[in-house]
Amino acid sequence: MNLGVRRTLDRLFTGLTGASIVLLMLVLMAVLGPMIYRGSGAVLFDGTVEFRRMQRDLFNRADRDALSAEIAETDEARQVVYEMIDRFKKGIDIAAMSSQAREINREYGGELRYRDATAEEYTESREVARTIRDKLEEAFGSQDIELIRKNIAEVLAHKDEPRFKGTVAERFFPLATDFLDAAEHIDLSHYHDYLVALDEVEVLLFGSAERPGLLGPRPNQVARPLAMTSYGATRWDQAQALLDRLVWAEKWVEKEPGRPLVKERSPRAAMFHGTALEPLFTYVPEHIDEMLRPRFTVYWQFFIDDNFDSHYFGGVGPEIIGTLLITVVGMLFVVPLGVISAAYLVECASEGPVMRILRMSINTLAGVPSIVFGLFGLAFFVLFLFPKLGFEPKACILAASLTLAVLTLPVMIRASEEAIRTVPRSYKEGSLALGASRFRTFVTVTFPAALPGILTGVILSLSRIAGETAPILFTGAVAMGPVPKSIFDPTRTLSYGSYDMAVGDRLAMMVPHNQYGMVLTLIVLILILNAVAIVLRSRVFKKLKGH
Amino acid sequence: MPATAADNQATKSDVRMMVTLNRQPTPNSKTPAAECACPVIRSSGFSLYYGAKIGVKDITMEIYPCSVMAIIGPSGCGKSTFLRSINRMNDLIPHVRTEGLLEVDGQNVYDKRTNLINLRQQVGMVFQKPNPFPKSIFDNIAYGPRLQGIRRKEELQHIVEQSLKAAAIWDEVKDDLRKSALALSGGQQQRLCIARALATRPRVLLMDEPCSALDPIATGRIEDLIGQLQSTYTIVIVTHNMQQAARVSERAAFFCLGELIEYDRTEKIFSNPTKKQTEDYVTGRFG
Ligand SMILES: Nc1ncnc2c1ncn2[C@@H]1O[C@H](COP(=O)(O)OP(=O)(O)OP(=O)(O)O)[C@@H](O)[C@H]1O
Ligand SMILES: [Mg+2]
């Protein structure tokens, strides 16, 4: 081969190598990129005033005076929204208005009984009030504007009668005027549609018992049981999404018969054309900043906070603690056991059929599906061993760690075995020739020399223990519960939490940032643990090499 | 390689000349140890088998204190095997079996009651390839004394200094005893290993081709060192280098195919051997 060809080939190979490295990086970025992007959204985002309120109420963490002032300012901007809704409601909410009319009538009857009036006066007043109520109800239920006008006029005729002065019955008349005012502006034949549309708008703005709204519950509304629905949009991206749904109504329509339905967006304002509610759809987008006050937030407390409502609010603090606990306890079992077993296999065991079977078992064990280990852990540690040892037979950290230790033992044994086997024989002979016992030789010479390899085993098992889900499913992980007080309590973990959020309920879909945040936390935690082990290993290695 | 070829073709008279030139008389060589003391190592009819295979067969010899004894012979003839039998390093190898008697200081080495740890502290060993532990120089030397239960810092320091001085390496390493032993050169490492063996204060020092991995200058230093050590220690050295054997030893044993062919004063082995095989080997006509 001549030199030119060889050089070209050389360059080609270098180029190919470079290209494949770039490709690998790109694939990695493509896989990890979105996850990192979404996961970081759990910590870095634009938080609204609702977020700060939530932090104050649930985590007792706020600059209280500044926040109160801010809330007062946002409330001012929101007041306009409340008024618009109320105005519109007065002409529309028939059920509410009817019940109001009946309520007034009933209360008026009660009031009358304590007045000194003759029996005739009493009966007459009751009669008039009842008529007013009936007329109002008829007007509320009617779609004929003429009838409404007539009924309202008849009701208002009673306005100045002395029998109503200073009584609850005076409230009949603003009810009547407001209704007429509203009724003049709307298409009465569609009032039922309005009712449904208004309900939708109210849910989008104020939330319901199941879903949070843009602004959160109105100030004097009854408290909601769930934390997640007690606040408005805590994040700016969430607010944008809700705003979009407020401004644009979505409908699935059949464009052509037999074809799949098509999603169609139409401005919601069109539904309320000409009514008191129409300006809402320009006001809210224009003043959303004032109502929510987004501000860039670094929510580092994500890593220490507990969560509310299945991770709707809060962080992964207890999950991190649980993961670390399970990992540490697991490593406490797996490292000594693994090293001792490996030492036995290398130093003491003589080759034979028993050894061969043992070795085969270890290799097979490494390939057993992890869920099998989970069931084994439940059957052996929790149900069999714990009662024998006098512990309560329940899933707990100890059982989970033991199960994970069994799971990773083969990896640990194999790595340690390799490490111990590759320690030069001359080290061992040197030590023995100086009069050291075999045990002493192992402890003082072989083990330190094998340490880098053993630490490789530690790294491998560490990642598995921290990341496995199936083995702890039945042996110690829970989706909810208090922070464990001892290793005899079950715990939440990052791995199981991620799994639970993925399969658990619809709630997690509303907070993908928290879901990805948890997964990212797990990855970062494992990376940190590995980095520590790797640094340790390179230190040991350097020391052994004598630099 | 011309040099080797020339060596191989060296005549008997060449060797004899070399022996007379290079043999530097030491005070001890004037008074043969055999006449002043009883043997330190005594083997009679000693054989060792690797399973069915013979390692060494029917060795009978006596090694006297305060002298250097060299073992020579072709490769695979059981030199290392015999050397390693003396401090029972062959125990590590599975299926090893011994016959006959091997005594160190009148104590049967292969007796069941023999304390292996005591034996190995009595009989130090230096290997063919320098094998310092991946620890500091200090920890390497202090390894043996610590095994003997010496914990006091000053005492350890004293022993380390004495051993390093005895192994003629003190001046090169005294500045930084905390340095890793692996950072030393091969020759320094080998002297360190000698120092490490000396630190347990053995009576016998076994050396298995201690200079085979070293250059002539390092070899020269170790040979000088052996010369100095022989006043205090009994040294058994295996070597392939005939000149070296002639230079450092007082007595020499010639092994062949697991058997001891001839054992006598070094001058006699090299100048006037009794056996034909020995003569062939030392004159390079072997094989
Ligand atoms: N661990 C072992 N298992 C089986 N046979 C062995 C073992 N060690 C050595 N032998 C055999 O014993 C014989 C003597 O070996 P030994 O190492 O003593 O030779 P040597 O004289 O030291 O050779 P060299 O000069 O090459 O070092 C050789 O034939 C060798 O094959
Ligand atoms: Mg040998």
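A quick note: this is a predicted structure, and the numbers were derived from the prediction, not measured. (Residues numbered from 1 in each chain as written. Chains lettered and ligands numbered in written order. Predicted model: local features only at pLDDT ≥ 70, side-chain atom pairs only at ≥ 80, totals over all residues. Heavy atoms only, no water.)

### Brief notes about the nonpolar core
Just so we agree on the cut-off: Among buried residues, the Ala, Val, Leu, Ile, Met, Phe, Trp, Tyr and Cys ones that are joined through side-chain atoms within 4.5 Å form a nonpolar core. Throughout this description, buried means an accessible area under 20% of the type-specific maximum (1.4 Å probe, protein chains only), exposed means over 50%, and partly exposed covers the range between. Under the scheme used here, helices are H or I runs from DSSP no shorter than 4 residues and strands are E runs no shorter than 2 residues, and both carry numbers assigned from the N terminus. Residue ranges assigned to the domains are those given by an automatic or database domain assignment. The contact rule is simple, with two residues in contact once any of their heavy atoms fall within 4.5 Å.
Counting 59 residues, the largest nonpolar core has Val81(A), Leu136(A), Leu205(A), Leu214(A), Leu277(A), Leu280(A) and Val284(A) as the members making the most contacts within it. Listed by contribution, the elements that provide at least two residues to this core are helix H3 (64–92), helix H4 (94–113), helix H5 (119–141), helix H6 (145–157), helix H7 (172–185), helix H8 (191–206), helix H9 (236–247) and helix H10 (280–292) of chain A. Here this core gets eight residues from one element, more than from any other, and that element is H8(A). Mapping this core onto the domain boundaries places at least three of its residues in each of domain 1 (48–78 + 205–299) and domain 2 (81–188) of chain A. Residues contacting Leu136(A), with those up to four places away along its chain left out, are Ala101(A), Ile152(A), Val155(A), Phe172(A), Leu175(A) and Ala176(A). Cys396(A), Ala449(A), Phe133(B) and Leu147(B) belong to the second-largest nonpolar core, a separate cluster that totals 51 residues.

### A look at the packing of H5(A) against H6(A)
Residues and elements named next belong to chain A. To be explicit about the condition: Axis definition: a line fit to C-alpha positions, over the contact stretch in the case of helices; interaxial angles, taken between N-to-C directions, run 0 to 180 degrees. Relative orientations are named as follows: roughly parallel for angles under 35 degrees, roughly antiparallel for angles over 145 degrees, roughly perpendicular for angles from 65 to 115 degrees, and oblique for any other angle. The sense of a crossing depends on the near helix, which, turned anticlockwise from the far helix by less than a right angle, makes the crossing left-handed and, turned clockwise, makes it right-handed. Classes in brief: Ala, Val, Leu, Ile, Met, Phe, Trp, Tyr, Cys and Pro nonpolar; Asp, Glu, Lys and Arg charged; the others, Gly included, polar.
Two numbers describe how H5 lies on H6: the axes approach to 9 Å, and their chain directions differ by 160 degrees. Considering the angle they form, H5 stands roughly antiparallel to H6. Classified by chirality, the crossing of H6 by H5 is left-handed. Mapping the contact onto sequence places Ile132, Lys135, Leu136, Glu138 and Ala139 in H5 and Leu147, Ile148, Asn151, Ile152, Glu154 and Val155 in H6. Within the contact of H5 with H6, the residues separate by chemical class into seven nonpolar, one polar and three charged.

### Thoughts on unusual backbone geometry
The phi angle of most residues is negative, glycine excepted, and most peptide bonds adopt the trans form. Residue and element names in this part refer to chain B. A positive phi angle, close to 55 degrees, is found at Asp105, a residue other than glycine. Along the chain, Asp105 turns up in the loop between strand S4 (96–104) and strand S5 (107–108). Backbone geometry places Ala168, a non-glycine residue, at a positive phi of 55 degrees. Mapped onto the fold, Ala168 is located in the loop between helix H8 (153–166) and helix H9 (170–173).

### Here's the deal with the side chain of Asn307(A)
Residues and elements named next belong to chain A. Stated precisely, the cut-off is as follows: We define a polar contact as two N or O atoms separated by no more than 3.5 Å, with the added condition that, inside protein, one atom must be a possible hydrogen donor and the other a possible acceptor, whereas residues neighbouring each other in sequence contribute only through side-chain atom pairs.
Mapped onto the elements, Asn307 comes out in strand S5 (residues 307–308). Given a relative accessible area of 14%, Asn307 falls into the buried group. Reaching out from Asn307, the side chain makes a polar contact with the backbone nitrogen of His311 at a distance of 3.2 Å. Among all residues touching Asn307, those that are not within four sequence positions of it are Phe313, Gly314, Gly315, Glu319 and Arg492.

### Focus on a nonpolar patch on the surface
Residues and elements named next belong to chain A. Our working definition: Surface patches are defined over residues having more than 30% relative accessible area and no salt bridge, joining like charges when they lie within 9 Å and nonpolar side chains (Val, Leu, Ile, Met, Phe, Trp, Tyr) when within 5 Å. Reported accessibility uses the Shrake-Rupley method at a 1.4 Å probe radius. Residues are deemed covered only where the shown protein chains occlude them. What counts as a salt bridge is simple: a side-chain nitrogen of Lys or Arg found within 4 Å of a carboxyl oxygen of Asp or Glu.
On the surface, Leu23, Val27, Leu28, Val31, Leu32 and Ile36 cluster together to form a nonpolar patch covering roughly 550 Å² of accessible area. Secondary-structure assignment places Ile36 in helix H1 (residues 3–40). A relative accessible area of 44% places Ile36 in the partly exposed class.

### Points about helix H14 (residues 397–421) of chain A
All names here are of chain A. Basically, it comes down to this: A helix's residues, less one, multiplied by 1.5 Å, set its expected span. In this analysis the local bend is the angle between axes fitted, respectively, to the seven residues ending at and the seven residues starting at the residue.
The first and last C-alpha atoms of H14 sit 34 Å apart over 25 residues, in line with the 36 Å expected at 1.5 Å per residue. In H14, a bend of some 45 degrees at Thr408 exceeds every other bend along the element, and Pro410, a proline, comes one to four places later. Most of H14 sits out of view: 20 of its 25 residues are buried.

### A look at the domain arrangement of chain A
Residue and element names in this part refer to chain A. The condition that has to hold: Accessible area that two parts lose when put together, evaluated with a 1.4 Å probe and summed over both, is termed the buried area.
On domain assignment, one finds that chain A holds domain 1 (48–78 + 205–299), domain 2 (81–188) and domain 3 (314–545). The interface is formed by six residues belonging to domain 1 together with six residues belonging to domain 3. Here domain 1 packs against domain 3, burying approximately 430 Å² in sum over the two surfaces, 68% of which is carbon and sulfur. Our count for the domain 1 to domain 3 interface comes out at zero salt bridges. There are one residue pair in polar contact (both at pLDDT 80 or more) connecting domain 1 and domain 3. Within the side of domain 1 that touches domain 3, the residues separate by chemical class into four nonpolar, no polar and two charged.

### Points about the site of ligand 1
Residue and element names in this part refer to chain B. The criterion, for reference: A molecule or strand has a residue near it when one of that residue's heavy atoms lies within 4 Å.
Around ligand 1 sit Tyr50, Lys53, Ser75, Gly76, Cys77, Gly78, Lys79, Ser80, Thr81, Ile93, Glu209 and His240, and that is every residue in its neighbourhood. Between ligand 1 and the protein, one listed contact pairs an oxygen atom with a backbone N or O atom of Cys77 at 3.3 Å. Considering ligand 1 on its own, with 620 Å² of exposed area, one finds that the protein chains cover 66% of that surface. Broken down by element, the shell around ligand 1 gets its largest block of residues, three residues, from helix H5 (residues 79–86). Its residues placed into classes, the shell around ligand 1 shows three nonpolar, six polar and three charged.

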